[in-house]
Amino acid sequence: MTLINPLAMELANQTVRFPVKEGVRYTVTDLATPSAKIPFAVVDIPEPVQKLAERKGGKSKVELVVRLPLIPPLSLVNLAVQEVVGKQEVSQKKTSAANAVLKGRHMSVHFDDKGAISKVTLADGTTSVSFKNEFHFYKGIEDRARNSGAYIFRPAEQKPTPAAHVVEATLHGTAEFTEVHQTFSVDWISQVVRLVPSVDGTEDVLEFEWIVGPIPVAVDHIGKELVTRYVTDLNSANRFKTDANARQLLTRQVDFRPSWKLEVTEPVSGNYYPVNSMIVLEDAQKKLSMAVLVDRSQGGTSMAPGVAELMLHRRLLHDDGKGVGEPLSEPGVDGRGLVVRGRHQVVIAPTGKLARQTRPLTLKNLLPPVISFSPSSDAQRRVITGAGAISSLAKGAASFSKNVHLLTLEQWRSEDEVLLRLEHFYQKGEDAVLSAPATVSLRNLFEEFEIVQAKEMTLSAHSPVEQLKERLRFAYKPIGNVSTPASTPVDPTKLEVILHPMEIRTFVVKIKRH
């Protein structure tokens, strides 16, 4: 098994899951350091996953979970996964999750007597946040003028209907991996809850992997739009933040627009916003924040203090008249309706420290390791090990600053030209250290080649940047205190680039291969 890290940052405690044969014993070895211990375990695949029609007859009931302690930046890691003689070791224990506690390094998650989450306690032992996870649905409006449909979210009622509640939960635990499988009062909603260990002093991540659908409509003939809610006692004062294209976080306020007086006629749909990477709630008094990170673009809002709401699935029975020409009611693989599987990650941390965890996590979700599998013999493994089982393009973890993302690295118009884009992925003022400008030495980035010359280009790389400095200057009246973004020219001798918060800079560079 080969894992390629496409990011210019280290990946710590990276978890990989894949189905394996039941009743077989396995070993996992890092071919670069065969003596190093790689945590792994064989665990049950959740029953709702086993029943997915999309599995198309897949019969595996267990999966191998592997946690890699560290993957260097821009590198690949080769692991040998082998079947060995002997019966599969039963390392997984199953117990009731009633009143259970998942304990991490910096967070504890408490469950009630039914196996639903009741609160979260942080590392200091005194900071406790009331926490509930709920599923609701909005009834889609049936209005000839504007039905709720593919392009329109328009609920018939402004308060959602509870969809289900936890009736039972099972704690599945091994020495390295623990998770709670939750069963709900309806058979079309299920969920697995995990507590992912922290890295470098950051907070633990509370992970929710949900499966919803097919949404039932045959009995009541009512279209439904399913949401999940993360309900806390944080006082976010009807304000929340959502991201713009997974970059800048924008402050939203319920029933308010900064540039015009809003007349509220449909409160729910009027306060829904795109969530491409995360939605954030902040408690100014407690100086505590919660971020919910998504694995795909979803609609989201916070209609009440301390409540983050995200849309998971929709099934509607009437066309909205916006061009699709049919209701939003996909039949799915088996004709019963579409089933959606996804993941949310919840981070609760002091407000000033939230970004240093959520920003890298966003990139890791967007660009996870690329995984490939191939059969191998002992001879092939010896060749891989001899050649170096870890091959890295970056010079080391320190070659890229912790607030800089390698956005583009691709061959350009000749063999000695490369297109390079660098991004400062922190926002101004969101972190005391990492929101500062970052200096990047282009000469010392890569192991395989050295950058000897750099020409700065426009974002799309179609022209040198100096040719467009006087273009697209519009006359406008800014709202609030707006300043011109800073930009520092590249030093042609030192080849040092200074990146300011949220800045992306594009270069065509000449390289000398080693």
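Residue positions within a chain follow its written sequence, with the count starting from 1. Where local features are concerned, this predicted model is filtered to residues with pLDDT of at least 70; where side-chain atom pairs are given and counted, the filter is 80 or more; whole-chain, interface and lining totals use all residues. The side-chain figures draw on all heavy atoms in the structure; neither hydrogens nor water molecules are used.

(A) Main features of the sheet that holds strand β5 (residues 62-71). Two strands pair if DSSP finds at least two bridges between them. Helix and strand labels come from DSSP, where a helix needs a run of H or I of at least four residues and a strand needs a run of E of at least two; each type is numbered from the N terminus. The three strands are arranged β2-β5-β4 in an open sheet whose pairing can be described as antiparallel. The open sheet has two edge strands, β2 (11-20) and β4 (40-44), and neither has a second partner. On average, adjacent strands in this sheet sit at an angle of 25° to one another, irrespective of strand direction. An axis is simply a line fitted to the C-alpha atoms; with a helix, the fit covers only the stretch in contact. Between two such axes, the angle follows the N-to-C directions and lies from 0 to 180 degrees.

(B) Molecular detail of the packing of aromatic side chains. Ring pairs shown here join Phe, Tyr and Trp side chains whose ring centres sit within 6.5 Å, with only the six-membered ring taken for Trp; geometry is labelled stacked below 30 degrees between planes, edge-to-face above 60, and tilted in between. By the definition in use, this model includes 11 aromatic pairs. Look at Phe18 and Phe373: their rings are 5.1 Å apart centre to centre, the planes differ by 65°, and that puts the pair in the edge-to-face class. Of this pair, Phe18 sits in strand β2 while Phe373 sits in the loop between β26 (370-372) and α4 (378-387), and the two are 355 residues apart along the sequence. Given a relative accessible area of 52%, Phe373 falls into the exposed group. Note on classification: 1.4 Å probe, protein chains only; a residue is buried when its accessible area is under 20% of the maximum for its type, exposed when over 50%, partly exposed between these limits.

(C) How the structure looks around unusual backbone geometry. The omega torsion across Gly213 and Pro214 is -5°, close enough to zero to call that bond cis. Examined against the element boundaries, Pro214 turns out to sit in the loop between β16 (205-212) and β17 (224-232). Of note in the backbone geometry, Ala237 takes a positive phi value of approximately 55° without being a glycine. The residue Ala237 is located in the loop between β17 and β18 (239-243) in this model. Owing to a relative accessible area of 49%, Ala237 belongs among the partly exposed residues under this scheme. Even without being a glycine, Met502 presents a positive backbone phi close to 70°. Mapped onto the elements of the fold, Met502 is located in the loop between β32 (496-499) and β33 (504-513).

(D) Inspection of the environment of His181 at higher detail. When you line up the elements, His181 lands in strand β14 (residues 178-184). Taking the C-alpha atoms as reference, His181 lies 4.6 Å from Val192; in sequence the two are 11 residues apart. Contacts are assigned to residue pairs with any non-hydrogen atoms lying within 4.5 Å of each other. When sequence neighbours within four positions are dropped, the list of residues in contact with His181 reads Asp44, Pro46, Glu168, Ala169, Thr170, His172, Gln191 and Val192. In protein, a polar contact requires one atom able to donate a hydrogen and another able to accept it; more generally it is a pair of N or O atoms within 3.5 Å, and residues adjacent in sequence count only if both atoms are side-chain atoms. A distance of 2.7 Å separates polar atoms of two side chains, one belonging to His181 and the other to Glu179.

(E) Representation of the nonpolar core in the model. One finds Phe131, Leu206, Met290, Val346 and Ile348 to be the most contacted residues of the largest nonpolar core, which totals 34 residues. Tallying contributions element by element places strand β22 (residues 288-294) first for this core, with four residues. When neighbours within four sequence positions are excluded, Ile348 is seen to be in contact with Met107, Val120, Leu122, Val129, Phe131, Glu203, Leu288, Ser289 and Met290. By nonpolar core we mean a set of buried residues, namely Ala, Val, Leu, Ile, Met, Phe, Trp, Tyr and Cys, connected to one another through side-chain atoms within 4.5 Å. Residues Val16, Leu64, Leu79 and Leu434 belong to the second largest nonpolar core, which totals 25 residues.

(F) Quick peek at the pattern of salt bridges. Throughout this description, the term salt bridge denotes a Lys or Arg side-chain nitrogen within 4 Å of a carboxyl oxygen of Asp or Glu. Under the criterion given, the structure shown has 27 salt bridges. Here Glu207 ties to Arg343 by a salt bridge, and the two come within 3.7 Å at their closest N and O atoms. Of this pair, Glu207 sits in strand β16 while Arg343 is found in strand β25 (residues 340-350), placing the two residues 136 residues apart along the sequence. Look at Glu207 and you get buried, because its relative accessible area is 8%. Arg343 sits in the partly exposed class, given a relative accessible area of 26%. Linking Lys241 and Glu282 is a salt bridge whose minimum nitrogen-to-oxygen distance equals 3.1 Å. Here Lys241, found in strand β18, pairs with Glu282, found in strand β21 (residues 278-283); they are 41 residues apart in sequence, far enough to count as distant. Of the residues examined, Lys241 reaches a relative accessible area of 22% and is grouped as partly exposed.

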